[in-house]
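# Structural overview for review
Read off the chains here:
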Amino acid sequence: MSQFKDLGISAPILKALEAEGYSTPTPIQAKAIPIVLKGVDLVGLAQTGTGKTAAFALPILTRLAADRKHAGDRACRVLVLAPTRELAAQIGDSFRAYGKYLGLSTAVVFGGASMFKQKQALYRGVDILVATPGRLLDHVSQRTVRLDRVEMLVLDEADHMLDMGFIHDLRKISTLLPKERQSLFFSATMPAPIAELAAQFLYNPEQVAVTPPSTTAERVEQAVIHIDTKKKQDLLHALLKDKTIKRALVFTRTKHGADRVVEKLASAGFEAEAIHGNKSQGQRTRALDAFKKGHARLLVATEIAARGIDVDDVSHVINFDLPNVPEQYVHRIGRTARAGAGGMAISFCAPDERAYLRDIEKLTKQKVPVMETDLSLRTPADDERVQRPKGPSRGGRGGGGGQQQRKHAPKRHHGSETHGKAHAQQGHAHSHARDEGDRRDRKGQEVWSNGPRQPQRGRRQRTTRG
Ligand code: AMP
């Protein structure tokens, strides 16, 4: 098996990787790193959890370090676009961790953060800029960043970009970039609209693909518990008595649902944090930090807020509610079993969620084993699982907001009306998703770079990075 040094990664980065505990490249890294080092464009079909961040960050850092120069005021040499602030923050953290012996500068700009400190960080230019599209364009329009010096572009989680309505922002950004550049494009799936987007950004790309989503699910031990909606909270408390649940991500349908679950957990004596779009950036980063550091055993999250959350050693993913888009299930359970480790996903399935379970099983091509508990409902027969009327599929993947859509859980009698409503809700969820990812960009404040930390004024904003 190849080693990082055989792939051409430079010595200071190898030293940083040792500190990170990476000994062997993951498949996407082994395939992508040599291509990126050659300087050609790349399409990577890979989802979070495969090691894709290092697959682009390591060769980018190697290339930057081999050809040092000042980006220019308000300019950057590398631009990484990510759909959510959590993902952007994590990518920024990864660049800093892998590049800690290189002395390169990294800035991260995203919403829910005031422009001021971001402008300061960008003022003298940076080597690497990680940004969400909306906030980046805010800076462009205020002339606090210029994109005409970008040498390398990364578009990460392109499918989520599309789901979250960033397509126009991306088109606009593409017109601002120099033609002469290297572009890397990552997506978990490649339906036609994503392929079109890729064609717009890439020139003659090489392609690498790893583990399609359905096989990622195979690494995770899965179970479903059929349960009455009203008993879900009791079931969660009962499960948590099991000490093998060391660190669990709990997914709920709605933001209020997440808060309710956390409140009830707290009154039952379980330490938990919630992370969702109604929380301030400070609250979100504090919650994530407490979870990462092991101060909180449980993190309760909505679908979108959890995107890009990258925490090692999540022993369990608990689906308090099942997602109605089956790919979301695969993304959720991929939060455990990171980088080849094992993990367990337990899903609570109420009677009105059985159709979702069936869709999930269809996508992953495996039956989720039923776990019986004292609180379980009788295990439904196969034909009882399918309550959804036949008709067009429910709005494709992602959509970003399991939340509102699920109010209209499909029932046998609603026919096409149900579908129509679900679809309308999907539209709503899209704008909501964007809200979570970027509209909050226009408030609050967040930025950090490799340089000396700016003293934080007012409310504590960020706790994830030292
Ligand atoms: P990503 O797909 O980039 O979100 O990475 C998933 C997880 O795998 C992260 O926690 C990384 O720190 C970890 N990781 C990435 N590459 C390696 C590697 N070569 N060896 C061990 N862990 C890795």
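Keep in mind that this is a model prediction, so the values were computed, not measured.

Turning to the overall build of the protein chain, a few remarks are in order. When helices and strands are counted, the protein chain shows 18 helices and 13 strands. For the protein chain, the residues scored as buried account for 54% of the 466 residues in total. The contacts of the protein chain with a sequence gap of at least 6 include a subset with a gap of at least 24, amounting to 79%.

Overall, parallel pairing links the seven strands, which are arranged β3-β4-β2-β5-β6-β1-β7 in an open sheet. Each edge of the open sheet carries a strand with a single partner, namely β3 (106-109) and β7 (206-209). Pairwise comparison of adjacent strand axes, ignoring direction, gives a mean angle of 15° for this sheet. Where strand β5 (residues 152-155) and strand β6 (residues 182-187) come together, four bridges link them in parallel fashion.

Bringing the nonpolar core into the picture now. Grouped together as the largest cluster of nonpolar side chains are 74 residues, with contacts concentrated most on Leu-61, Leu-79, Leu-129 and Phe-185. No other element matches the eight residues that helix α3 (residues 52-66) contributes to this core. With residues near it in sequence (within four places) discarded, Phe-185 still touches Leu-42, Val-43, Leu-155, Ala-158, Ala-198, Phe-201 and Leu-202. Counting residues in hydrophobic clusters, the runner-up holds 43 residues, among them Ala-272, Val-317, Phe-320 and Ala-355.

What follows is about the pairing of strand β8 (residues 220-226). Burial within β8 is extensive, with five of its seven residues counted as buried. Sheet analysis places β8 next to strand β13 (residues 343-349), joined by seven bridges and oriented parallel. For Glu-221, the partnering residue across the bridge sits in β13 and is Met-344.

Our focus in this paragraph is the environment of Ser-10. Relative to the elements of secondary structure, Ser-10 occurs in the segment before α1 (11-20). C-alpha separation for the pair Ser-10 and Thr-62, spaced 52 residues apart in sequence, amounts to 5.8 Å. Every residue in contact with Ser-10, bar those within four places of it in the chain, is listed here: Thr-62 and Ala-65.

A few words now on the pairing of strand β12 (residues 316-319). Burial along β12 is two-sided: His-316 and Ile-318 facing one way and Val-317 and Asn-319 facing the other are all buried. Of the pairings in the sheet, the one linking strand β9 (residues 248-251) to β12 comprises four bridges and is parallel in character. Within β12, the residue paired with Phe-251 across the bridge is Asn-319. Here four bridges tie β12 to β13, and the two strands are oriented parallel to one another. Considered in β13, the bridge of Val-317 is made with Ala-345.

All right, on to the sheet that holds β13 then. Strand order in the open sheet formed by six strands is β8-β13-β12-β9-β11-β10, with parallel pairing between adjacent strands. Here the strands that pair on one side only, and so sit at the sheet edges, are β8 and β10 (272-275). When the angles between neighbouring strand axes are averaged without regard to direction, this sheet yields 20°. Where β9 lies against strand β11 (residues 298-301), four bridges are found, and the strand directions are parallel. Within β11, the residue paired with Phe-251 across the bridge is Ala-301. Taken strand by strand, helix α12 (residues 255-267) contacts β9, β10 and β11, and its axis lies near 170° from that of β10.

At a minimum axis separation of 8 Å, helix α15 (residues 326-333) and helix α16 (residues 354-364) run at an interaxial angle of 70°. The orientation of α15 relative to α16 falls into the category roughly perpendicular. Contact residues: Pro-326, Glu-327, Tyr-329 and Val-330 in α15; Asp-359, Ile-360, Leu-363 and Thr-364 in α16.

With 76% of its residues at a pLDDT of 70 or more, the protein chain shows a mean pLDDT of 79. Every residue in residues 388-466 scores below 50 in pLDDT, and together they form 170 contacts with partners more than four places removed in sequence or on other chains.

Buried within helix α2 (residues 27-38) we find Ile-28, Gln-29, Ala-30, Lys-31, Ala-32, Ile-33, Ile-35 and Val-36. Elements that come into contact with the buried residues of α2 comprise β1 (42-45), α3, β6 and β7. Just downstream of α2, Gly-39 is the residue with a positive phi angle, here 95°.

Between its first and last C-alpha atoms helix α4 (residues 85-98) spans 20 Å; for 14 residues at 1.5 Å apiece the expected length is 20 Å, and the two agree. Taken across its 14 residues, α4 has twelve buried, putting it largely inside the fold. Of the residues making up α4, those classed as buried are Arg-85, Glu-86, Leu-87, Ala-88, Ala-89, Gln-90, Ile-91, Gly-92, Ser-94, Phe-95, Arg-96 and Tyr-98.

This part covers the environment of Gly-125. By the secondary structure assignment, Gly-125 is in the loop between α5 (115-123) and β4 (126-131). Look at Gly-125 and you get buried, because 20 C-beta atoms sit within 10 Å. For the pair Gly-125 and Asp-73, spaced 52 residues apart in sequence, the C-alpha to C-alpha distance is 4.4 Å. In contact with Gly-125, other than residues within four places in its own chain, are His-70, Ala-71, Gly-72, Asp-73, Arg-74, Ala-75 and Cys-76.

So, how was this worked out
- Residues numbered from 1 in each chain as written.
- Predicted model: local features only at pLDDT ≥ 70, side-chain atom pairs only at ≥ 80, totals over all residues.
- Helix = DSSP H or I, 4+ residues; strand = E, 2+ residues; numbered from the N terminus.
- Buried ≥ 20, exposed ≤ 12 C-beta atoms within 10 Å, placed from the backbone.
- Contact = placed C-beta atoms within 7 Å.
- Pairing = 2+ DSSP bridges.
- Axes fitted to C-alpha atoms, helices over the stretch in contact; angles between N-to-C directions.
- Core = buried A, V, L, I, M, F, W, Y, C linked by C-beta atoms within 7 Å.
- Parallel < 35°, antiparallel > 145°, perpendicular 65-115°, else oblique.
- pLDDT = per-residue confidence, 0-100.
- Expected span 1.5 Å × (residues − 1).

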